[in-house]
Structure formats: structure tokens, C-alpha cells
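An overview of the molecular structure
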Amino acid sequence: MAGMTGDCAIPSLLLLKIKDFVRSLLEQIRNLRSPSVQLDRFSIYCSDPSSACACSYELPVAKEIISIDKESHAHRLEVLLRMLCIIQQLLQENKHASKRDIYYMNPSLFVDQAVVDNIINDICILFKCSRHHLNVVPVGKGLVMGWLRFNEADRRICCINNPSTAYPIPVCLEDVQDIVSVAQYILIVEKETVFQRLSNDKFCDKNRCIIITGRGYPDVPTRRFLRHLVEKLHLPVYCLVDSDPYGFDILSVYRFGSMQMAYDAKLMRVPEIKWLGVLPSDFEEFHLSDRCLLNLTPEDKRKIKSMLTRCYLHKEAPQWRVELEMMLEKGVKFEIEALSSSSFSFLSQVYIPTKIQQGKHV
């Protein structure tokens, strides 16, 4: 959404929007009307692969009316107003809080952490802004290493001095400036264990690259930082995940965005990403041992069948769909670590360099 990075980047204007919103609710009450809020709803995928699909990275696909007339909505409105009070205070005092901090400000009202997460998303949609504009900051978990240097606030982060040493990914992208790199590509790895394997093997010392891990499903800072690097450095981007439905889902979050934050997908998705591995087709090509294979569980199969219906796999990534269909047909899965069954260094010395040099990715 183009509006997500506009006026709401200025706290004073966001405070004015909050004031106007509350005033509009009071006006509804004054006119003897039940207070209601209209929210746009976004979707990055659906189950319709035809041209009739309405999914968009910029436009809403539906609208939702939250009205006090509905008993289930009354609590949502109460939570929304309480959350706006907290955000107003954060902006006025120029302070920041995590979603967990906010939950503990009124746990009896919020009931569950998911309630806080969802209402923050609603507020972002309502005011056409992103979470960081609300001074709501995540607890960062992503890591980066490689041929990279940048300034973060008043610190200089010189990954390039020790390319195989991990550094935490900045939580606040607005503090990142003066990015310098001589890397040839960016590699995303799903898991911290694989990231540490590459670090131990001094992979970045021998290969001019930048490696990033979100340690599972990536958080917002990791996705924003990756997107920023791609925009600034114009480097090819490869992703290495487990050959299972959850690895594929993580890969999809990096490239297409998450459904939960579909309203902000345009600002965080990285459509340039290539799926380096591990591919279901890699098992036979690299002669992996049968002992590395695990049977797909019924839940795995249900998840794969559900993902195969996603419209973007038909429109934007048909080769990914072919690999996913192969996984379901074979009925097996395997982890990145299976590549180390013959040699601990096979991943760093053979698999990754060979696939990148020979263009064996989809």
C-alpha cells in the first residue's frame, strides 16, 4: 500500500489522526448512532488460480464493519480504544514498547497476546501506517554475517571485518544508514543451526556473500532489513530451507509476505528470491541416503495440499508448485542437515557453491 509510508511517518500527524478518529466515534454517539469502524481487509493469496482472483499487494479485497451492536464486537472496540490510548502516550512521550509490554499493561482486558497482535494490525490498517510508526517495536531475533558494513544509530557495524561472525539484525531500520558491501549475493537460511554450521565452516570468508537467518519464521525486522539490503545493493537473493511444508511456508513468507500482515506485504516482500534448496528433486541428484528421509505426516500432507491452492503459486511461481507437488507425491521430507550425512562440510563446500555457480535454483 502506497499510503503505508506517507504522512503517518510523522508522529504529530498520526496523533492528529487518532484524535480525529475518536472524535468521529463521539459524533456517532451524539447523533444517537451506534459507534462503528470500517476496516479494509487485505489478502496476498486465495484458492482461485484464475484471472478472477482479487488478491493484491496494494488494494483491499474486502471491508469489515466493527459495530457495538454486535456483542462480539463490543470488546474489540473497547480493546481498540484502550490500545489507541497506549499508542498516543508512546507517541507523545517519544517512547517505544514491545507487543508483550503492551499486553501486560492490561492483561485482564487483552486476555491473550494474539488479541494485542490483531488489534495493532487493525490500527495499522485504520491509519494506513506500519507497526514501527506506532512506536511498537518487536524483540529482534534475526542474525546477519558476511561482507557488509553499515551504521546503526551512533554505532558502526563492521561485519566485513569478520565475515563469518554473527551480528544481530537491527530492530529499527530507520537507524540503519551508509550500507557498504562487496558481496556477490545474499543467502537466507531458515535455521540458526545451519547459520552456525556455515559460520563454523568460515563460509563467508571463502565466498563473498551476506547470510541472514530469521531463526525460523522471520520477524518484521529481519524481513524489513532484507528488503532494504536488496533495494540498496541490487544483489541476487537465494533461500535455503528444509524440504518440508514448514520450510516452504517460511520461504513463501520471505517472497510473498504473511497473511497476518498482508496490508504491509508490499513493503516487506522480496519477489526476487530464488529457492536454492533443499528441493525435493535434490534428493536423487545429490544421492542422499534413504535414512535421511522422513515420511510426511497427515498434518504435513494437509498443509501441502492447502498451500498448493495458493493463487501465487499458479501465477508467480509455477516451478515452486511443481517442487511442492513432487514432495507430496513422494510422501517424504528431509532437513537441510541431511546434506551433511556424508560430510560435515558438504553443505558449505559442495552443495551451496555448486548450485549457485550452475544456476540450479527455482
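Definitions and limits used
Residues numbered from 1 in each chain as written. Predicted model: local features only at pLDDT ≥ 70, side-chain atom pairs only at ≥ 80, totals over all residues. Heavy atoms only, no water. Pairing = 2+ DSSP bridges. Helix = DSSP H or I, 4+ residues; strand = E, 2+ residues; numbered from the N terminus. Axes fitted to C-alpha atoms, helices over the stretch in contact; angles between N-to-C directions. Contact = heavy atoms within 4.5 Å. Buried < 20%, exposed > 50% of the residue type's maximum accessible area, 1.4 Å probe, protein only. Polar contact = N/O pair within 3.5 Å; in protein donor to acceptor, adjacent residues only side chain to side chain. pLDDT = per-residue confidence, 0-100. Salt bridge = Lys/Arg side-chain N within 4 Å of Asp/Glu carboxyl O.

1. Description of the sheet that holds strand β7 (residues 176-181)
- Spatially, three strands are ordered β5-β4-β7 in an open sheet, and the strand pairing comes out antiparallel. Among the strands making up the open sheet, the edge pair consists of β5 (155-158) and β7. Taking the axes of each pair of neighbouring strands and ignoring which way they run, one obtains an average angle of 15 degrees across the sheet.
- Relative to β5, strand β4 (residues 148-152) is paired through four bridges, and the arrangement is antiparallel. Paired with Asn151 across the bridge in β5 is Arg156.
- Helix-sheet contacts for helix α8 (residues 220-233) involve β4 and β7, and the interaxial angle to β7 is about 55 degrees.

2. Overview of the sheet that holds strand β3 (residues 143-146)
- In spatial order, the strands read β6-β3-β9-β8-β10-β11; together these six strands make up an open sheet with mixed pairing. In this open sheet, the two strands that pair with only one neighbour each are β6 (167-168) and β11 (274-277).
- Pairing analysis gives four bridges linking β3 to strand β9 (residues 209-213), with the strands arranged antiparallel. When the bridges of β9 are listed, Leu143 appears paired with Thr213.
- Contacting β3, β8 (185-189), β9 and β10 (237-240), helix α6 (residues 192-200) runs over the sheet at an angle of about 20 degrees to β3.

3. Focus on the side chain of Thr213
- Looking at the secondary structure, you find Thr213 in strand β9.
- According to the relative accessible area criterion, Thr213 is buried, its value standing at 0%.
- A polar atom in the side chain of Thr213 sits 3.0 Å from the backbone nitrogen of Arg215.
- Apart from the residues within four sequence positions on either side, Thr213 is in contact with Gly142, Leu143, Ile169, Val189, Glu190, Lys191, Glu192, Phe195, Thr222 and Tyr254.

4. Observations regarding the confidence of the model for the chain
- The predicted model of the chain averages 90 in pLDDT, with 96% of residues at 70 or higher.
- Residue range residues 1-6 is modelled with pLDDT below 50. Its contacts to residues more than four positions away, or to other chains, number 17 contacts.

5. Structural notes on the pattern of salt bridges
- One pass over the structure, following the stated rule, counts 25 salt bridges.
- Residues Arg23 and Asp20 are paired through a salt bridge, measuring 2.8 Å at the closest nitrogen-oxygen approach. Note that Arg23 and Asp20 are positioned in helix α1 (residues 11-30) at a spacing of three residues, about one turn of the helix.
- Take Arg23: its relative accessible area is 44%, and that puts it in the partly exposed class.
- Beyond isolated ion pairs, a larger network of salt bridges with shared partners links Arg41, Glu64, Arg76 and Asp122.

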